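What the coordinates show
What follows is the residue order along each chain.
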Protein chains: 4
Amino acid sequence: MSQPQQFAPQQFAPQQFASDNYAGICPEAWAAMEAANAGSAPAYGNDDWTQRAADAFRALFASDCEVFFAFNGTAANSLALAALCQSYHSVICSSSAHVETDECGAPEFFSNGSKLLVATTADGKLTPEAIRGVATSRSDIHFPKPRVVTITQPTETGQVYSIDEIRAIAATCRALGLKLHMDGARFAHACAHLGCDPADITWRAGVDVLCFGGTKNGMAVGEAILFFDRALAQDFDYRCKQAGQLASKMRFLAAPWVGMLESGAWLRNAEHANGCASQLAAAIRDLPEVAPMFPVEANALFLQAPAALLEDLRERGWSFYTFIGGGARFMFAWDSDPARVDELAADIRAAREASAAIAA
Amino acid sequence: MSQPQQFAPQQFAPQQFASDNYAGICPEAWAAMEAANAGSAPAYGNDDWTQRAADAFRALFASDCEVFFAFNGTAANSLALAALCQSYHSVICSSSAHVETDECGAPEFFSNGSKLLVATTADGKLTPEAIRGVATSRSDIHFPKPRVVTITQPTETGQVYSIDEIRAIAATCRALGLKLHMDGARFAHACAHLGCDPADITWRAGVDVLCFGGTKNGMAVGEAILFFDRALAQDFDYRCKQAGQLASKMRFLAAPWVGMLESGAWLRNAEHANGCASQLAAAIRDLPEVAPMFPVEANALFLQAPAALLEDLRERGWSFYTFIGGGARFMFAWDSDPARVDELAADIRAAREASAAIAA
Amino acid sequence: MSQPQQFAPQQFAPQQFASDNYAGICPEAWAAMEAANAGSAPAYGNDDWTQRAADAFRALFASDCEVFFAFNGTAANSLALAALCQSYHSVICSSSAHVETDECGAPEFFSNGSKLLVATTADGKLTPEAIRGVATSRSDIHFPKPRVVTITQPTETGQVYSIDEIRAIAATCRALGLKLHMDGARFAHACAHLGCDPADITWRAGVDVLCFGGTKNGMAVGEAILFFDRALAQDFDYRCKQAGQLASKMRFLAAPWVGMLESGAWLRNAEHANGCASQLAAAIRDLPEVAPMFPVEANALFLQAPAALLEDLRERGWSFYTFIGGGARFMFAWDSDPARVDELAADIRAAREASAAIAA
Amino acid sequence: MSQPQQFAPQQFAPQQFASDNYAGICPEAWAAMEAANAGSAPAYGNDDWTQRAADAFRALFASDCEVFFAFNGTAANSLALAALCQSYHSVICSSSAHVETDECGAPEFFSNGSKLLVATTADGKLTPEAIRGVATSRSDIHFPKPRVVTITQPTETGQVYSIDEIRAIAATCRALGLKLHMDGARFAHACAHLGCDPADITWRAGVDVLCFGGTKNGMAVGEAILFFDRALAQDFDYRCKQAGQLASKMRFLAAPWVGMLESGAWLRNAEHANGCASQLAAAIRDLPEVAPMFPVEANALFLQAPAALLEDLRERGWSFYTFIGGGARFMFAWDSDPARVDELAADIRAAREASAAIAA
């Protein structure tokens, strides 16, 4: 190559908050990947980086848990649930759970047919009562047998289960003979909100398996699956391989975790993203007709607002989704620019004023 | 982070040739990934990098093919085969095909049961006769109906199908109503060996679907699936998503391909790796009792040698696998150091002499 | 065997109406099975009985349809849906559909993950609006793509779709690119109610595939799957075989259909069963506090009544299920005894009077 | 129906021995089915016949085993293997095993991908050495992990494992951590040959799960699955239901077993069929150029003979298959007529003489 390739800038400018998947790779993950790229290394996880990443998880959780890596959250959740279920079993989840609404039937595919049983609650968070209601509604062989509960921490709408809430759910699971899985696509954001030890909302509270998300928190790809009950992880390495989730150059899936966990970036990134959501919430708190649809506890703010106002906001150049209840979803990431958050707040205010002027 | 993280070197030193998966990320792929990391970008493939990578494939193949990206070769092959098969169909492959020997039943899993029918040939390359033999051996509903032929180009043992061989296989497939899939985990190495246009050994020769490997050729992760018959790609995006193979931050899966394809590195890397295999073959050609098990056409050299000699070689610090016929497998990569290849040749020669001395 | 085996009577006496699966084999099915048991015959459907049964279906439907036989309704429905779907597709059904509520995830299992999307309607019958609502609610690859609509004729609660209703649904399906499947576990009962030609509510109205039930209508086992669009039946024989639904001694699955169809018993049995439901409905029409929960159109009557009354009825020796809305389900069969129906009516009346006396 | 239906005779006349699936229902099974058809009975196995059949199995095996019923052998084997395996596990079987050669990928389908690993032996019977060879050939996650051994008793070619042979295999399985499944499609014929207690070649010898075939031994449909280790049967009822193998009118699947087991017909039928095979073998023992391909121990005789002789036999009106090694397969059933066996022997002799005359 006589001269360097030219890669013209193609990304969003200015920054958008439509998804935390729009963000790139954070410096700590990048640096680790760069370090991992020196020289050659054994394949399929028999390298030092994979060992080091797994150990970093064990240290963070103060647990001798089994650690596996998958390419994305859909696979991580589905593999974990399939390990806990047979095809004729069922999984109890919230109506807004990602496994139910946004994984294109992946849990059913990986498990060869396990049915998701949706428990509807007022705020989208599962409760012991809701779980018990679904789990005990049928007990005949004509309907899949409940076997697992999955909770999303924080939920798709950004709400965080407290330690006590998880403990209560876990106790219900144990009483009903169910395993407890946690979809932690934004697990770090929950830890940041609660200010607790990761163990407190997982194994110490009764969670059996955690899918810990890295992608939305500053990595290119990669989720970790942690089995706190090692017996449940039997032959899980075969499962990952067969399902196309074993990376040959595993070091590149593992090293970013080393960068994130050892440096503390996993938590700082989440704190930053949560902070941006709070910043926006605070900036528009006084606006009439405009309100968060859900408590702002993690890195999401769902904005309830008149349709005309949202339309105006789009015309001002903002991208966002409205698939949940028609509200505008804003998701913040490790790289969200607080100045840009202020711009968004200002535009919401301006749109609100324009809307009010028309109405008047 | 007050001070930078320390990542002590952990990789192999000196370099080993046990697998081309031991190599890291090549500069062109890295530079593209770095460029892609600027700013934010839409998720799930709706970004410019993904479009640009797909277009680069279409340009390279002079074909308006459908292009998809998967995380690894196991998934790419399995998804492609599942798209061509129903569960009660079968796939004809060589006894040494990676789908048969090294994917832990992934094709059967993704297809929900499609059986692999192994055609045995003298050199591991499928032939029209071998295919016809397997395809016509049964025609009753008590045995899975043949639906697809898969060939590995080059084979697991480093042999390359010629254009004419592929044309003949494709003609047989058409005559028998079978689709033709190519596992191109090292497709670039076959192109480098043949010096042909990629189209010549794919759609122009009658291949329906190609899995084009990037990982073994200098990328961190990522394989491309090319459907030359676009009708076969119907709803394939849903299939990828459901199977956990849709990257949310797709740009990081796509950008390295842009780096590889636009710069020509995809071919240069393969030529280099092939060259190292040839270099080793040439360096030991005169040695008695030591010989390549297969023609050295791509980046592999399988060394037939007395067990004691191989043991000696291990003691001299060399790593290699012997799972195929007990021979020592050496696989070269984009970063294989010719000086190190010379060291290997010298050690083989020394081991051979030591062995001869003992025998004498 | 020196003396005949003794089989003491073990069945219900007196007759119960808890399920139409409690009935035995009707004389016409039995006679055909007996005739089929003379001598030996080719296996796996290559016998005259299987041909004759398939021809009888084609004559009845005035259609050159493809006909297959499965052991039970769960398998028939699941195989048919799997033939219309890929794993990443979805099936739109009613919330009370048997495939959703009583097949233990069989559709998901046979299809390797196709999701059932429940459309809720006031009376449990799907409508064009309800189908359109579900089918168009999502159109992104993060959710299974709608591919099939399944309607149950009559519904689980005994309501019959009119010819016009089916036509309207079929038109909606065509407009949306969906296939239309009919679960006809009690298909004969719908024909008996409508007094129409079987073709009128199937292929002439736009149904693609029908599962025609025999078990609930007087057979020991056996459901027929009719593909009016023969192209959809491609390789379906392989599908049945692989899924464990190919009978080796197929004549015993086919002959009862010959007995049923050629004699007209298929319709007479259903008319009788429907008549018993009507008889009961008429006999209790005047009773206050007691009413059918749904229009009585087929062989079911769901009785809304005070809990104490139902309890009293149980004490009087009647068996019935209450899993739908707490009402008592009575299902009549080909062998239901009208005198026994009168006894049931009399006991309901007596229980109602006892209940009223207590209340007074 | 004003006059009885006419069912013209359609069966083979004279009798053929191409398959034991060509035979009808034996008197004992028929009588039980007839007795079971009196009145109504609870569905889904909650009837007395099902209980009585299960108890008859437990008495016959002197074991408190778990008993389930499936419609056919393909389903019974596949369900049993799926209960013992996960999708990434493998099943070791003989190259002539029905699960490998004649079930259209059903084991792979029911298990969602478990691979069958074929162990080749001289006579088609598995041995400890052959099992150990396959089981230990790989131990890496790139290949499915061996989990079950399945043996067919008697084999597809009519050879019977001795008690000692099964014990030795079971010991090997235990040593390797493998479960042992027995495909007993013709289990009765093995018992008849060995003259042993059914327990001696199953649980007492170390078999974990047995599929006991009824269809080939005089029933219309129906195989029993016996779990001698009850823990392995956990939730197996759900598995059967989901896979379309739960009969609603279960009494008709169970009652024939009552008729067969309580009367002793299960063994008499098999003894008769075995006797016919021996009769044929004895009758042609002296013929040159004509010989059994395998020891005649059960109800099969595979005849090695010149192609012209077999052709002559076909012209004399005999039907038979030649899919195993080109030999003519004759399978005898409970209803095989010894006089007709003599006719076959006479025709073989005549064909041999004609063939010899031509050669001379």
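Residues numbered from 1 in each chain as written. Chains lettered and ligands numbered in written order. Predicted model: local features only at pLDDT ≥ 70, side-chain atom pairs only at ≥ 80, totals over all residues. Heavy atoms only, no water.

Here we look at the sheet that holds strand S9 (residues 300-304) of chain C
Residue and element names in this part refer to chain C. The condition is simple: Pairing between strands is defined by DSSP: at least two bridges between the two strands are required. Only DSSP runs of H or I reaching four residues or more are called helices, and only runs of E reaching two or more are called strands; each is numbered from the N terminus.
The three strands are arranged S8-S9-S10 in an open sheet whose pairing can be described as antiparallel. Edge positions in the sheet fall to strand S8 (291-292) and strand S10 (328-331), since each of these pairs with one other strand and no more. By the bridge criterion, four bridges tie S9 to S10 in an arrangement that is antiparallel. Among the inter-strand pairings, Phe302 is bridged to a residue of S10, identified as Arg329.

Considerations on the UniProt feature "domain: Aromatic amino acid beta-eliminating lyase/threonine aldolase" (unreviewed entry) in chain A
Note the following rule: UniProt positions are given in the numbering used here, feature names are shortened, and annotations may be inferred rather than shown by experiment.
Feature annotation in UniProt places "domain: Aromatic amino acid beta-eliminating lyase/threonine aldolase" (unreviewed entry) on residues 16-301 of chain A, given in this structure's numbering. Each end of residues 16-301 of chain A is marked by a C-alpha atom, and these two atoms are 14 Å apart; helix forms 40% of the span and strand 15%.

Some words on the packing of helix H2 (residues 48-61) of chain B against helix H10 (residues 251-263) of chain B
Two quantities define a packed helix pair, namely the angle between the helix axes and the distance between the axes. All names here are of chain B. How we decide: In this analysis an axis means a line fitted to C-alpha atoms, helices contributing only their contacting stretch, and an angle means the value between N-to-C directions, from 0 to 180 degrees. The sense of a crossing depends on the near helix, which, turned anticlockwise from the far helix by less than a right angle, makes the crossing left-handed and, turned clockwise, makes it right-handed. The contact definition used throughout considers only heavy atoms, calling two residues in contact when any of these lie within 4.5 Å. The residue classification treats Ala, Val, Leu, Ile, Met, Phe, Trp, Tyr, Cys and Pro as nonpolar and Asp, Glu, Lys and Arg as charged. All others, Gly included, are polar.
Where H2 meets H10, the axes come as close as 8 Å, and the angle between the chain directions of the two elements is 35°. In this structure, the crossing between H2 and H10 has a hand that is left-handed. Contacts between H2 and H10 involve Trp49, Thr50, Arg52, Ala53, Ala56, Phe57 and Leu60 on the former and, on the latter, Arg251, Ala254, Ala255, Trp257, Val258, Leu261 and Glu262. Its residues placed into classes, the contact of H2 with H10 shows ten nonpolar, one polar and three charged.

Structural notes on the interface of chain A and chain B
Keep this limit in mind: Pairing of N or O atoms within 3.5 Å defines a polar contact, subject to two protein rules: one partner must be a possible hydrogen donor and the other a possible acceptor, and residues neighboring in sequence count only if both atoms are side-chain atoms.
Facing 68 residues of chain A, the contacting portion of chain B comprises 68 residues. Taken together, chain A and chain B are joined by 34 residue pairs in polar contact (both at pLDDT 80 or more). Where the side of chain A that touches chain B is concerned, the elements lending two or more residues are helix H1 (27-36), helix H2 (48-61), helix H3 (73-84), helix H5 (106-110), helix H9 (236-242) and helix H10 (251-263) of chain A. Here the side of chain A that touches chain B gets eight residues from one element, more than from any other, and that element is H1 of chain A. Taken together, the residues that form the side of chain A that touches chain B break down as 33 nonpolar, 23 polar and twelve charged.

Here's the deal with the pairing of strand S7 (residues 223-227) of chain A
Residues and elements named next belong to chain A. The test is simple: Residue burial is assigned from relative accessible area. The probe radius is 1.4 Å, only protein chains are included, and a residue is buried under 20% of its type maximum, exposed over 50%, and partly exposed in between.
By the criterion of burial, S7 is predominantly enclosed, with five of the five residues buried. Taking every second residue as pointing to the same face, both faces of S7 are buried, with Glu223, Ile225 and Phe227 on one and Ala224 and Leu226 on the other. Relative to S7, strand S1 (residues 66-70) runs antiparallel, the two being bridged by five bridges. When the bridges of S7 are listed, Glu66 appears paired with Phe227.

Examining the layout of surface pockets
What counts is decided by this rule: Points on a 1 Å grid, built from protein atoms alone, make a cavity when a 1.4 Å probe fits but cannot get out and make a pocket when they are open with protein on both sides within 12 Å along at least 5 of 7 lines; residues with an atom within 4 Å of a point are the lining residues. Grid points are joined across faces, edges and corners, and a volume is the space filled by probe spheres set on the points.
Here the largest pocket defines a volume of roughly 1,400 Å³. Looking at the largest pocket, it is lined by 46 residues, and the ones nearest its centre are Arg138 and Phe143 of chain B together with Glu100, Thr101 and Asp102 of chain D. Within the residue set of the lining of the largest pocket, elements represented by two or more residues are helix H4 (98-101) and strand S3 (115-119) of chain B together with helix H4 (98-101) and strand S3 (115-119) of chain D. In terms of residue class, the lining of the largest pocket is built from 17 nonpolar, 14 polar and 15 charged.

Section: the environment of Gly326 of chain B
Residue and element names in this part refer to chain B. Along the chain, Gly326 falls in the loop between helix H12 (307-315) and strand S10 (328-331). According to the relative accessible area criterion, Gly326 is partly exposed, its value standing at 39%. C-alpha separation for the pair Gly326 and Asn217, spaced 109 residues apart in sequence, amounts to 26 Å.

Let's talk about the sheet that holds strand S7 (residues 223-227) of chain C
All names here are of chain C. Reading across from one edge, S1-S7-S6-S5-S4-S2-S3 is the order of the seven strands in this open sheet, with mixed pairing throughout. Across the chains shown, the open sheet's two edge strands, defined by having one partner strand only, are strand S1 (66-70) and strand S3 (115-119). Adjacent strand axes in the sheet meet at a mean angle of 25°, parallel and antiparallel pairs treated alike. In this fold helix H3 (residues 73-84) packs onto S1, strand S2 (89-94), strand S4 (145-152), strand S5 (179-184), strand S6 (209-213) and S7, with an angle of close to 175° to the strand it touches most, S5. Along the sheet, helix H7 (residues 163-176) contacts S4 and S5; its crossing angle with S5, the most-contacted strand, is approximately 145°.

Quick word on the interface of chain C and chain A
What counts is decided by this rule: Buried surface area refers to the total accessible area, computed with a probe of radius 1.4 Å, that the two partners give up upon joining, counted for both partners together. Criterion for a salt bridge: a side-chain nitrogen of Lys or Arg within 4 Å of a carboxyl oxygen of Asp or Glu.
Taken residue by residue, the interface counts 19 residues in chain C and 19 residues in chain A. Where chain C abuts chain A, roughly 1,600 Å² becomes buried across the two surfaces, and 45% of that area is made up of carbon and sulfur atoms. Taken as a group, Cys104, Asn112 and Lys115 of chain C account for 33% of the area that chain C buries against chain A, more than any other trio of residues on that side. On the surface where chain C and chain A come into contact, there are six salt bridges. Joining chain C to chain A, the criterion identifies twelve residue pairs in polar contact (both at pLDDT 80 or more).

Here we look at the side chain of Asp183 of chain C
All names here are of chain C. Residue placement: Asp183 occurs in strand S5. Here Asn77 takes part through its side chain, which lies 3.0 Å from a polar atom of the side chain of Asp183. Ignoring any residue separated from it by four or fewer positions in sequence, one finds Asp183 in contact with Asn77, His98, Thr150, Ile151, Thr152, Gln153 and Cys211.

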